[in-house]
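# Summary of structural features
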Amino acid sequence: MPFRKFNSVEMDLLFAVLTQVKDKGNSLVVLPFERLKNISSYSPTANKRFVADVYSVADKLLSLRFGRTSKSGLTIERFVLFTKFAVIAENTDKPRLEVQVFDEAIPLLNDLTHWVRFNYSDFVKLKSTYAKTMFRLLKQYRTTGLAVYKIDDFYELLSIPKSYRYNQANLDARVLKPIKTELSPLFRGLTVRKIHSSKRGHPIKEIQFIFKPEHKKSEDIKRNPDFMLHNQTFNLIHNLDLSAEERRKQVIKLFSDFNEDYLELERKGALPEWAKLEDSNSDYIQYGHDDDEVITDFENVDLEKFVTDFEKSQSIDVETFNVTADYHNKNVRKIREENEEALKQSLDNVIVKVYDKWVELFGVDNAEDSEQIVKSLINFVKRSGGETVLEVLNSIKSDATIIKKTFDTKARLSYLNNRLLLAVRKK
């Protein structure tokens, strides 16, 4: 649902209201001004200004088209979102907003708020309306890490002015840049790609958003502010799609959002290591999708500390991501035998050695994972050489237990790929 003409403040107010009426059915919901201001992080304190902004939200809601259309297009239904949207701020010591949802709009309301309800604190910190809209849209793909929009659909969803549509400089500077800079802390490894048509002039035919998928239950976890700041800062300063200047500007804003003064901490020499911008990318390479290689966005971090922070702040039993050693010992031989012929046919004995080393370090979860591992290891050996792959596997032996305990097969392969590319680069 595109929210045409809503500015950033109005979007915050609207979704503050929507998150409060969710699951209330068609009951009357009373929202005191102070509560609504706190939820939406509303800055101006004067009630007169606040009332004007809320009325503006109400007026713009009336201009939106809510409804349903049958597949044949012969049955069309239109309705309002609220049967009541009343601002009561006169002759009362309890100024408030009273709202009531229209019965037919309840399913639509649930859809609108589903992807914001656990992330509203992130949503209100975004300044660009384009970033706010893409945040809501990308959250629908949070477990897949890939969202692709045909260019006309993209323009429509974001209500992009026609003047931007035919001027790529405007599209880049005023739409894609704020999306990329503001959402990079929230979507790890976020990359925005413009795919061009082969037609005359090579116009853009679609926009792709690629990022690291989230765990399915991650939104249901109570989030620790310290962990959030650490995690979002890491996402930001290691996103190579941003310039050094963009990263610095955004990390300063990010610290401010968490009531921290980055520049003051920097001046005092009190910045934590994970927040320092200098040489932040010396041991990190970010990659997107490639048909022949895995997705590489595994972070080269202090793994022991990462797991400790992860367990404390998110209360996830990381053992659920790990198949026990007993399981591996029982199944590795069988899986190995199933793939022995393919291994020998693919390359020479070095592949078998590399595969053996992988199994020694990480084990194999199942036959399906084994196929993915074999294919990736063959590609790695072809590209980097068997000796280099073995050297890198031996060099990460000390971290193997933590890597296996915390990450799945895809992330382990991504980590190995990253280390291989770094090793080749240094040579």
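Residues numbered from 1 in each chain as written. Predicted model: local features only at pLDDT ≥ 70, side-chain atom pairs only at ≥ 80, totals over all residues. Heavy atoms only, no water.

### Let's talk about the overall build of the chain
- Helix and strand counts for the chain stand at 19 helices and 8 strands.
- Burial statistics for the chain: of 427 residues in total, 48% are counted as buried.
- Within the chain, counting contacts between residues at least 6 apart in sequence, those at least 24 apart form 67% of the total.
- If you sum the accessible surface of the chain, you get close to 22,500 Å²; carbon and sulfur atoms cover 48% of it. (Helix = DSSP H or I, 4+ residues; strand = E, 2+ residues; numbered from the N terminus. Buried < 20%, exposed > 50% of the residue type's maximum accessible area, 1.4 Å probe, protein only. Contact = heavy atoms within 4.5 Å. Areas by Shrake-Rupley, 256 points an atom, 1.4 Å probe, with all protein chains shown as cover.)

### A word on the sheet that holds strand E8 (residues 204-210)
- Spatial strand order, E6-E8-E7: 3 strands in an open sheet with antiparallel pairing. In this open sheet, the two strands that pair with only one neighbour each are strand E6 (146-150) and strand E7 (191-196). Mean inter-strand twist for the sheet, computed between neighbouring axes without regard to direction, equals 20°.
- By the bridge criterion, 5 bridges tie E6 to E8 in an arrangement that is antiparallel. Bridge pairing in E8 links Ala147 to Phe209.
- Sitting on the sheet, helix H9 (residues 168-183) touches E7 and E8, and the angle it makes with E7 is about 150°. (Pairing = 2+ DSSP bridges. Axes fitted to C-alpha atoms, helices over the stretch in contact; angles between N-to-C directions.)

### Remarks on the packing of helix H6 (residues 129-138) against H9
- In contact at an axis separation of 8 Å, H6 and H9 are set at 60° when each is read in the N-to-C sense. Considering their axes alone, H6 and H9 lie oblique with respect to each other. As H6 packs across H9, the resulting crossing turns out to be right-handed. Judged by residue contacts, Tyr130, Ala131, Met134, Phe135 and Leu138 of H6 engage Arg174, Val175, Pro178, Ile179, Glu182 and Leu183 from H9.
- The residue makeup of the contact of H6 with H9, split by class, is 9 nonpolar, no polar and 2 charged. (Parallel < 35°, antiparallel > 145°, perpendicular 65-115°, else oblique. Left-handed = near helix turned anticlockwise from the far one by under 90°. Nonpolar A, V, L, I, M, F, W, Y, C, P; charged D, E, K, R; others polar.)

### Remarks on the packing of helix H2 (residues 33-40) against helix H3 (residues 47-62)
- Packing of H2 against H3 leaves a shortest axis separation of 12 Å and a crossing angle of 70°. In terms of orientation, H2 lies roughly perpendicular with respect to H3. Contacts between H2 and H3 pair Phe33, Leu36 and Lys37 from the former with Asn47, Phe50 and Val51 from the latter.
- Looking at the contact of H2 with H3, its residues break down into 4 nonpolar, 1 polar and 1 charged.

### Things to note about the pattern of salt bridges
- The tally for this structure, following the rule as stated, stands at 15 salt bridges.
- In this structure, the salt-bridge partner of Lys397 is Glu360, at a minimum N-O distance of 3.6 Å. Note that Lys397 is positioned in the loop between helix H17 (386-395) and helix H18 (400-406) and Glu360 in helix H15 (residues 349-362), a separation of 37 residues in sequence.
- We classify Lys397 as partly exposed; its relative accessible area is 46%.
- With a relative accessible area of 46%, Glu360 lands in the partly exposed category.
- Taken together, the salt bridges that share partners define one network made up of Lys84, Arg96 and Glu98. (Salt bridge = Lys/Arg side-chain N within 4 Å of Asp/Glu carboxyl O.)

### Let's talk about the packing of aromatic side chains
- Scanning the model with the defined rule gives 14 aromatic pairs in all.
- With a centroid separation of 5.0 Å and 85° between ring planes, the pair formed by Phe255 and Tyr262 is classed as edge-to-face. The pair formed by Phe255 and Tyr262 is uniform in burial state, with each residue classed as buried.
- Linked through ring pairs, Phe15, Phe123, Phe135, Phe187 and Phe211 together constitute an aromatic cluster.
- Here the guanidinium or amino end of Lys125 rests over the ring plane of Phe258, the centre of that ring lying 4.0 Å away.
- Between the NZ or CZ atom of Lys132 and the centre of the ring of Phe123, over which it lies, the distance is 4.6 Å. (Phe/Tyr/Trp six-rings, centres within 6.5 Å; stacked < 30°, edge-to-face > 60°. Lys NZ or Arg CZ within 6 Å of the ring centre and 35° of its normal.)

### What about the sheet that holds strand E4 (residues 82-88)?
- With respect to topology, 3 strands assemble into an open sheet ordered E1-E5-E4, the strand pairing being antiparallel. What marks the edges here is a single partner per strand, and that holds for strand E1 (29-32) and E4. Here the average twist between neighbouring strands, direction ignored, is 15°.
- Two strands pair when backbone bridges link them, and E4 and strand E5 (residues 96-101) are joined in this way by 6 bridges, in the antiparallel orientation. Residue pairing in the sheet places Val87 in a bridge with Leu97 of E5.
- The sheet contacts of H2 involve E1, E4 and E5, and relative to E1 the element is tilted by about 80°.

### Describing the pairing of E1
- Burial along E1 is one-sided: the residues Val29 and Leu31 are buried and none of Val30 and Pro32 is.
- One ladder, built from 4 bridges, connects E1 with E5; its direction is antiparallel. Paired with Val30 across the strands is Glu98, a residue of E5.

### Focus on the side chain of Thr133
- Within the secondary structure, Thr133 sits in helix H6.
- Ignoring sequence-local partners within four residues, the contact set of Thr133 consists of Met11, Leu157 and Leu158.

### A look at the nonpolar core
- Judged by nonpolar contacts, the single largest core of 62 residues is most densely connected at Met134, Phe154, Val175, Leu183 and Phe209.
- Sorting elements by how many residues they give to this core places helix H1 (residues 8-21) first, with 8 residues.
- Dropping the residues within four chain positions of it, Val175 is found in contact with Tyr130, Phe154, Leu158, Ile160, Tyr164 and Asn170.
- Among the nonpolar cores identified, the runner-up in size contains 25 residues, and Val354, Trp358, Tyr415 and Leu420 belong to it. (Core = buried A, V, L, I, M, F, W, Y, C linked by side-chain atoms within 4.5 Å.)

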